[in-house]
Amino acid sequence: MAATFARYEHLVDTHMARHPLTGMCGFHRARLSATTIAELACLHPLASSGSTPLRLFSSDQADISAVLAGEVDLAGRDLLRSALARIDLPPVGGEVIIDARELSFIDHQGLLECVEHIRGRGAATVLHLAADSATRLLLNLLRLPDVRVVTA
Amino acid sequence: MPDGHVGIFHETTFYDSDEQFLSVVLPFLRQGVAAGEPTVSLFAEHNQRLLRDAMGPESGVEFVDGGGHHLSPAVAIQRHRQILAGYVADGATQIRIAGEVPHPGTGVPWEWWARYEAAANDVYNEYPMYGLCPYDLRITPEQVIDHARRTHTHFVTAEGVRERCDTYQRPADFLADAVTAWVEPLEAEPPLVEVADPAPHQARQAVTTLQSLARLSSDDLNGLLLSTSEAVTNALVHGRAPVLLRAWAAPGRIVVTVSDHGPGPADVAAGLMPAAGPGGLGLWLAHQMCAYVSLRRSAEGFSIRLVAGSPD
């Protein structure tokens, strides 16, 4: 049920990102588990504080496949995996382009989760990073052949 | 080296003068060149110059700057393996490398280099490497000499006689109790931060509060935060509760320890190679993003110490 609804959330999010439409979704904390709320909240560009450590949502720019924001570590690893499985990551010229300028932290396992998911779709990964992003240190050491970095 | 030897042949020698250094290392390199083997000289500036002058131009020896190569053990192993793999891909069946690792006599704590010398017997063993590791008796502490005798299978006397090291220990046996962490003066003080069973983001937040005192460079701080996160994740996933994060700071420096009650990583190359057992990749990253990393085991469990900023 959560998976189907999460998929709907993603499709609505993509539509709203590129149309003059804004929505606000509310979820009943007493009726849904924290895990389910996180799985839904993480697909929104904005979410209540504490509801999800990370967000994976659609960009208003057609040449960006998705935006990844917040923090990805042990606490968000399963959440990232389920979110990646539920959203479209349309490749642009054989590359999936992730805007990660608002990603404040990602550990090596989160990064590999993301890159391997995209690799599984037959595409290379392009990461847009903030100038002072720590992710660059990880990438320098991991030397992943199918990851390209664009600095904001 | 005996004919038919397979894998690494790891030899040490001790010298107390430039002449004695040359009397052992020069023949080693010359024999390699004469045999048509790729032959590498991996020393810091002074010894490299002695060898260059003695060998003359067109020596056939590949001179690689030892200072840059030996930035940290994890970096050295990666570069070393690249060199070895390159020669093997070009058809080499035997490769000679002479080089000197850092130690307190050259201004660097010995601890992780002791782990390196032991792990070298494993991590280079897939290559036909004949390695000679000289130590300068004028500046090398006794403990380092003792460890060199326990981490090299063979020893060359000043007269050039090659002998088996009776004191050699297999890496796992050596690492079980030989290596002790260098004393970090900041750790004698009460920690500025102490968090029991932290989630990774709580650990990062706690360490970040020390930046106003330490004022590390952006890369040093980012590297420490990533390393802290990886260490806490390893403790939570692979260690045994309770996990305790402690941190100290001084201008230009932050020290973080993460301890748990488990036995710590079993692999002898933990932190030195990317694929060394569970949690190995995170440990390997930390070994390159921090100024120094110590792995400590005691009756209470395992502790990792991460140092960022100036290493003293």
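Asks: Run through the sheet that holds strand E2 (residues 39-42) of chain B, naming residues and quoting values.
Replies: Taken together, the seven strands give an open sheet; going across it, the order is E3-E2-E4-E5-E1-E6-E7 (chain B), and neighbouring strands pair in mixed fashion. One side of each edge strand has no neighbouring strand; the edge strands of this open sheet are strand E3 (62-63) and strand E7 (162-164) of chain B.

Asks: Can you tell me about the pairing of strand E2 (residues 66-72) of chain A, naming the residues and giving the values?
Replies: Residues and elements named next belong to chain A. Across four bridges, the pairing between strand E1 (residues 54-57) and E2 is antiparallel. From the neighbouring strand, arginine 55 faces E2, where its bridge partner is alanine 69. Pairing of E2 with strand E3 (residues 95-99) involves two bridges; the strand directions are parallel. Bridged to alanine 66 within E3 is isoleucine 98. Where E2 lies against strand E4 (residues 103-106), three bridges are found, and the strand directions are parallel. Among the inter-strand pairings, valine 72 is bridged to a residue of E4, identified as isoleucine 106.

Asks: Requested: an account of unusual backbone geometry, with residues and values cited.
Replies: Here the residue pair B:Ala241 and B:Pro242 is connected by a cis peptide bond, since its omega of -5° sits within 30 degrees of zero. Relative to the helices and strands, B:Pro242 resides in the loop between helix H10 (218-238) and strand E9 (244-250). The phi angle at A:Arg143 is positive, at roughly 45°, despite the residue not being glycine. Tracing the backbone shows A:Arg143 in the loop between helix H5 (135-142) and strand E6 (147-151). Look at B:Glu58: it is not a glycine, yet its phi comes out positive at around 55°. Looking at the secondary structure, you find B:Glu58 in the loop between helix H2 (45-55) and E3. You can call B:Glu58 exposed: it has 6 C-beta atoms within 10 Å.

Asks: Provide a residue-level description of the interface of chain A and chain B, including the pertinent values.
Replies: The interface is formed by twelve residues belonging to chain A together with 19 residues belonging to chain B. Element by element, the count of residues in the side of chain A that touches chain B is highest for H5(A), at three residues. Of the residues that constitute the side of chain A that touches chain B, the class distribution is seven nonpolar, one polar and four charged.

Asks: Before we move on, could you go through the sheet that holds strand E8 (residues 193-196) of chain B and cite the residues and values that matter?
Replies: All names here are of chain B. Strand order in the open sheet formed by five strands is E8-E9-E10-E12-E11, with antiparallel pairing between adjacent strands. A single partner strand is all that each edge strand has here, and the edge strands are E8 and strand E11 (292-298). Each strand of the sheet is rotated relative to its neighbour by a mean of 15°, with strand direction disregarded. With seven bridges joining them, E9 and strand E10 (residues 253-260) adopt antiparallel strand pairing. From the neighbouring strand, leucine 244 faces E10, where its bridge partner is serine 259.

The rules behind the values
- Residues numbered from 1 in each chain as written.
- Chains lettered and ligands numbered in written order.
- Predicted model: local features only at pLDDT ≥ 70, side-chain atom pairs only at ≥ 80, totals over all residues.
- Pairing = 2+ DSSP bridges.
- Helix = DSSP H or I, 4+ residues; strand = E, 2+ residues; numbered from the N terminus.
- Buried ≥ 20, exposed ≤ 12 C-beta atoms within 10 Å, placed from the backbone.
- Contact = placed C-beta atoms within 7 Å.
- Nonpolar A, V, L, I, M, F, W, Y, C, P; charged D, E, K, R; others polar.
- Axes fitted to C-alpha atoms, helices over the stretch in contact; angles between N-to-C directions.

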